[in-house]
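Inside the fold
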Amino acid sequence: MDDFAIRGGVLHVEDVPLPAIAEAVGTPVYVYSCRTLARHARVFRNALAALPSVHLAFAVKSNPNLAVLKVLQREGYGADVVSIGEMRRALAAGMPAADIVFSGVGKTAAEMVEALEAGLGQFNVESEEEGAELAALAAARGLIATATLRVNPDVDAGTHAKISTGKADNKFGVPYDRAAAIYTRLVALPGLGLRGLALHIGSQIADLGPSERAFTRMGALMQDLRSAGHVITHMDLGGGLGVPYRAGDDLPTPADYGAMVARVCGGWDVTLMFEPGRVITGNAGVLLTEVIRVKEGVNAPFVVVDAAMNDLARPAMYDAWHDFAAVRPSGETMLAHVVGPICESSDTFAMNRTIDRVVAGDLAVFRTAGAYGATMASTYNSRPLVPEVLVDADRWAIVADRIDPAAILAAERVPAWLG
Ligand SMILES: *Cc1c(COP(=O)(O)O)cnc(C)c1O
């Protein structure tokens with residue numbers, strides 16, 4: 001996180017001191033570093049440089065902000081989208097339709113038609129039912145839907161249950177043992193241009209062993225399909241590489257990942273496709289917040305900040321850890337709980353944690369908040385939708401407005417019969 005550093009006693013994002021952003025925009029607010037985003041995009045690409053043919057599709061769901069997508073588009077990334085709304089964002093950012101991959105178990109007919117008509121590059125088909133429907137929709141329009149079949153390799157990614165996606169009981173992909181038969185039936189359908197397989201076993205992966213096992217199984221299935229006469233030109237290995245959330249976390253690097261992929265998949269003679277999300281965006285953002293007050297507790301004080309679970313849901317949803325740091329650290333520390341203002345106990349960011357000493361009115365950040373942060377925000381408790389800022393060297397811009405609760409209220413109606 002060297003684009004997030006203390007200079008002259010004040011935390012900066014690149015060359016911008018965070019108090020300047022707090023003063024102009026208010027808090028809470030997400031702040032992203034353009035330079036970090038671009039660097040991560042290059043590090044990931046370079047880690048795969050030994051492979052002959054690679055397609056990079058940024059997982060839009062990790063951070064769909066239009067300006068963030070623009071940075072990735074300028075780095076030559078396409079997109080992995082999981083809804084038509086995400087596809088529209090990727091197109092709005094200037095990503096060519098041909099570079100977009102559409103994943104997800106619940107693509108509707110309307111979404112598939114819009115994607116087909118836009119010239120979307122690849123559907124990752126998650127079931128035989130979906131494949132048949134897509135084939136029919138494409139054939140009826142005289143089009144071919146380019147696709148892979150997503151396979152569930154039945155591998156435990158060893159990550160949080162809510163973000164594991166590659167075990168037999170997960171809803172994603174077709175069961176490994178049935179995949180060859182399903183592939184054979186789907187490939188025969190007019191309208192479907194099936195060209196390979198896809199997988200994605202989970203997110204925040206901290207151990208490459210399960211990925212290696214999954215890729216090895218997929219390689220075997222690919223060989224079986226080739227032996228049966230199918231032409232396999234594309235294999236989509238998904239995303240999921242984890243990032244360090246706390247000092248001392250020992251995670252595989254993109255280079256470790258790239259070396260493993262080269263060893264396991266380097267001889268496959270296909271275009272290998274990747275869908276990185278968190279590894280690009282996670283450490284490129286912080287959530288800037290102000291301490292409302294410090295409330296006396298029984299065992300430790302409660303530091304009540306103006307950010308809450310509606311702004312950053314990961315701690316409440318996944319028991320996730322985000323480092324908490326003062327913007328003007330004094331060097332002193334305190335043992336405290338860090339909580340938001342929302343009226344439920346899950347609105348807790350940290351319990352019994354040693355943090356920088358803060359008092360009411362101080363600014364602080366939650367680190368590593370660039371992935372699955374703003375995108376999961378809501379207006380729960382009728383709070384505003386959190387804004388986003390992008391920094392580039394010494395300039396910065398608001399890249400998403402704070403949406404006032406009044407705008408939400410204005411979209412609600414009392415029916416006439418309630419008077
Ligand atoms: C969420 C998701 C990704 C990205 O996961 P990260 O952990 O952010 O890299 C990639 N592919 C698919 C299909 C996903 O659902």
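Attention in this report is confined to the structure presented alongside it. All of these numbers come straight from a predicted model, not from anything done at the bench.

Conventions used here
- Residues numbered from 1 in each chain as written.
- Predicted model: local features only at pLDDT ≥ 70, side-chain atom pairs only at ≥ 80, totals over all residues.
- Heavy atoms only, no water.
- Helix = DSSP H or I, 4+ residues; strand = E, 2+ residues; numbered from the N terminus.
- Rg over C-alpha atoms; globule rule 2.2 N^0.38 Å.
- Buried < 20%, exposed > 50% of the residue type's maximum accessible area, 1.4 Å probe, protein only.
- Contact = heavy atoms within 4.5 Å.
- Areas by Shrake-Rupley, 256 points an atom, 1.4 Å probe, with all protein chains shown as cover.
- Near = heavy atom within 4 Å.
- Polar contact = N/O pair within 3.5 Å; in protein donor to acceptor, adjacent residues only side chain to side chain.
- 1 Å grid on protein atoms, 1.4 Å probe; cavity = no way out; pocket = protein on both sides within 12 Å on 5 of 7 lines; lining within 4 Å.
- Sits in = over half its atoms within 2 Å of the grid points.
- Nonpolar A, V, L, I, M, F, W, Y, C, P; charged D, E, K, R; others polar.
- Phe/Tyr/Trp six-rings, centres within 6.5 Å; stacked < 30°, edge-to-face > 60°.
- Pairing = 2+ DSSP bridges.

**Digging into the overall build of the chain**
Check the secondary structure of the chain and you find 12 helices and 21 strands. The globule rule puts the C-alpha radius of gyration for 419 residues at 22 Å, and the 23 Å found for the chain is close to it. With the C-alpha coordinates aligned to their principal axes, the bounding extent of the chain is approximately 70 × 60 × 40 Å. For the chain, with 419 residues in total, the buried portion stands at 54%. If you take every contact in the chain between residues at least 6 apart in sequence, the share linking residues at least 24 apart comes to 69%. Carbon and sulfur atoms make up 52% of the accessible area of the chain, which amounts to about 17,500 Å² in all.

**Re the site of the ligand**
If you check the shell around the ligand, you find 14 residues, and the closest are Lys61, Ser203, Gly240, Glu275 and Tyr372. Measuring from an oxygen atom of the ligand, one finds a side-chain N or O atom of Ser203 at 2.3 Å. Contact with the protein chains covers 94% of the free accessible surface of the ligand, which is 390 Å². Mapping the ligand onto the cavity grids shows that it belongs to the largest pocket. Among the residues forming the shell around the ligand, the class breakdown is three nonpolar, six polar and five charged.

**With respect to the packing of aromatic side chains**
Aromatic ring pairs are described here by two measures, namely the spacing of the ring centres and the angle between the planes. Going through the model one piece at a time under the given rule, you end up with seven aromatic pairs. Judged by centre distance (4.3 Å) and plane angle (35°), the ring pair of Phe349 and Phe366 falls under tilted. You can see Phe349 sitting in strand β18 (residues 348-356) and its partner Phe366 sitting in strand β19 (residues 363-366), a full 17 residues away along the chain. Comparing Phe349 with Phe366, the two get one shared label, buried.

**As for the sheet that holds strand β2 (residues 10-13)**
Ordered in space as β1-β2-β3, the three strands form an open sheet in which the pairing is antiparallel. Strands at the two margins of the open sheet, each flanked by one partner only, are β1 (4-7) and β3 (16-17). By the bridge criterion, four bridges tie β1 to β2 in an arrangement that is antiparallel. Note that in β2 the partner of Phe4 across the bridge is Val13.

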